[in-house]
Amino acid sequence: MQAKFKRSYRFSIKTSLYIALYTTLLVSVFLYYLYEFRWFYVLAFLVSVYIFSFVIIQFSVERFIYKRVKKIYDDLTLLESASLSKGPITTDMRTLTQEIDKFARDKKIEIETLKVREKYRKEFLGNVSHELKTPLFTVQGYILTLLDGAMDDKRIQKKYLERASKGVERLGYIIKDLDMITKLEVGDLSLNIEEFDIVELVKNVFEMLEIKASKKRITLTFDTDYNNPVLVKADKERIQQVLANLIVNSLKYGRDKGTTEISIENLIKNKVIIRVTDNGEGIEKSHLPRLFERFYRVNKSGSRKEGGSGLGLSIVKHIIEAHNEKIYVESEFGVGSEFSFTLEKVE
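Just so we're clear, the structure is a prediction, and the values are computed from it rather than from any experiment.

Attention now goes to a positive patch on the surface. On the surface, Arg 155, Lys 159, Arg 163 and Lys 166 cluster together into a positively charged patch. Considering the arrangement of structural elements, one finds Arg 155 in helix 5 (residues 154-186).

A few words on the packing of helix 8 (residues 236-252) against helix 10 (residues 312-322). Between helix 8 and helix 10, the shortest axis-to-axis distance is 9 Å and the interhelical angle comes to 145°. Crossing geometry of helix 8 relative to helix 10 is assigned as left-handed. Residues Arg 238, Ile 239, Gln 241, Val 242, Asn 245, Leu 246 and Asn 249 of helix 8 lie in contact with helix 10, whose contacting residues are Gly 312, Leu 313, Ile 315, Val 316, Ile 319 and Ile 320. For the contact of helix 8 with helix 10, the per-class residue count stands at 8 nonpolar, 4 polar and 1 charged.

In terms of nonpolar packing, the biggest core is built from 51 residues, with Ile 198, Ile 239, Leu 243, Ile 247, Ile 274, Phe 341 and Leu 343 touching the most fellow members. Here this core gets 8 residues from one element, more than from any other, and that element is helix 8. The contacts of Ile 198, once residues within four sequence positions are left out, are Val 230, Val 232, Ile 239, Leu 243, Ile 264, Ile 274 and Leu 343.

Counted according to the given criterion, the structure contains 4 aromatic pairs. Residues Tyr 142 and Tyr 160 carry aromatic rings whose centres are separated by 5.0 Å and whose planes lie at 50° to one another, so their mutual orientation is tilted. Taken together, the residues Tyr 142 in helix 4 (residues 93-147) and Tyr 160 in helix 5 connect sequence positions 18 residues apart. Here the two residues Tyr 142 and Tyr 160 agree in accessibility, since each one is buried. Summarising the aromatic geometry, the rings of Phe 222 and Tyr 226 are spaced 5.4 Å apart at their centres and angled 65° between planes, so their arrangement reads as edge-to-face. The class for Phe 222 is buried, based on a relative accessible area of 16%.

For the chain, the mean per-residue pLDDT works out to 78, and 76% of the residues sit at or above 70. Every residue in residues 301-305 scores below 50 in pLDDT, and together they form 6 contacts with partners more than four places removed in sequence or on other chains.

Attention now goes to helix 10. Burial in helix 10 covers these residues: Leu 313, Ser 314, Ile 315, Val 316, His 318, Ile 319 and Ile 320. On its buried face, helix 10 is in contact with helix 5, helix 8, strand 6 (327-332) and strand 7 (336-345). Note on helix 10: the residue one or two positions beyond its end, Asn 324, has a positive phi of about 60°.

The first and last C-alpha atoms of helix 8 sit 24 Å apart over 17 residues, in line with the 24 Å expected at 1.5 Å per residue. With 13 of 17 residues buried, helix 8 is to be regarded as a mostly interior element. Where helix 8 begins, one side-chain oxygen reaches toward the backbone nitrogen of Glu 237, 3.2 Å away; that side chain belongs to Asp 235.

A few words on the environment of Asp 278. Looking at the secondary structure, you find Asp 278 in strand 5 (residues 271-278). Look at Asp 278 and you get buried, because its relative accessible area is 12%. Measuring from C-alpha to C-alpha, the distance between Asp 278 and Thr 259 comes to 5.8 Å, with 19 residues separating the pair along the chain. Other than its neighbours up to four places away in sequence, Asp 278 contacts Ser 250, Thr 259, Thr 260, Val 335, Gly 336 and Ser 337. At 2.9 Å, the side chain of Asp 278 and the backbone nitrogen of Gly 280 are in polar contact.

What counts as what
Residues numbered from 1 in each chain as written. Predicted model: local features only at pLDDT ≥ 70, side-chain atom pairs only at ≥ 80, totals over all residues. Heavy atoms only, no water. Patch = residues over 30% accessible without salt bridge, like charges linked within 9 Å, V, L, I, M, F, W, Y side chains within 5 Å. Areas by Shrake-Rupley, 256 points an atom, 1.4 Å probe, with all protein chains shown as cover. Salt bridge = Lys/Arg side-chain N within 4 Å of Asp/Glu carboxyl O. Lys, Arg positive; Asp, Glu negative; His and termini not counted. Charge placed at Lys NZ, Arg CZ, Asp CG, Glu CD. Helix = DSSP H or I, 4+ residues; strand = E, 2+ residues; numbered from the N terminus. Axes fitted to C-alpha atoms, helices over the stretch in contact; angles between N-to-C directions. Left-handed = near helix turned anticlockwise from the far one by under 90°. Contact = heavy atoms within 4.5 Å. Nonpolar A, V, L, I, M, F, W, Y, C, P; charged D, E, K, R; others polar. Core = buried A, V, L, I, M, F, W, Y, C linked by side-chain atoms within 4.5 Å. Buried < 20%, exposed > 50% of the residue type's maximum accessible area, 1.4 Å probe, protein only. Phe/Tyr/Trp six-rings, centres within 6.5 Å; stacked < 30°, edge-to-face > 60°. pLDDT = per-residue confidence, 0-100. Expected span 1.5 Å × (residues − 1). Polar contact = N/O pair within 3.5 Å; in protein donor to acceptor, adjacent residues only side chain to side chain.

Pasting the structure below:
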């Protein structure tokens, strides 16, 4: 209250005092030379002039300022400033300056965010268009070739239909993955939380990807022998998808005769961290911040040769975040990469 009094009335107090002292001095001189000088009349005059000046200055000036400040608030309300429009209108210049500065900073952050989102939207639309266009034109090309006469050759007919089928299959993967990400983002994809052995789940994924790994002569292994089960609480099917996507990613960019290693460690009392480490190509640091974006590819040409929808890592991130867990990536170009994520451990 004291601080508010000083800020609101300091100007009126000082100005009123100057006016009262000046007019009292003039009246004192006038009384001294023309009439009888008495301190009582002088003090009474001083107090009355001071009070009158204070009231006039305080209310007239504050009213003057209030009208102009209210105009500022009204203008800012048009810009949808929730914090200013909901709060009381102040005539204190320091408080008003702070509020305007805060408003300006918030708007600057909002504008920068909108610029980033607009750039991301343009890139995303361009990537979606490119990802859908490539298999679509492939399918169209094979079908048109067949219609132009190649259909009469049974050998070519079968080969082209198989290739067209692969293109359609890739389109299906992209649509399916986009649908899953959308559901994860809006919360429509419900998680079936259960307790299961993460060690056993990793072994199942190893078996599922064994043939793919053998083609590149990459060894799928644990960092150590896990003789006892490690129970976690999560959606088993989705975590299997996370592990499969991360391991498939390590196989795509792994070096010939390399390794993909899984480790399971206690992080804190009720958390474990699962690490997927490879000694493949590695990723340059400039790519790491955008690695989990939809359709973002480190090596655009090489990635497309390997196939896939380009949404694998984005799906992984959304699934882990849907569990309220964290995912991390560390990589050194030419050395290898490590993707890790946390899960709730069952004691």
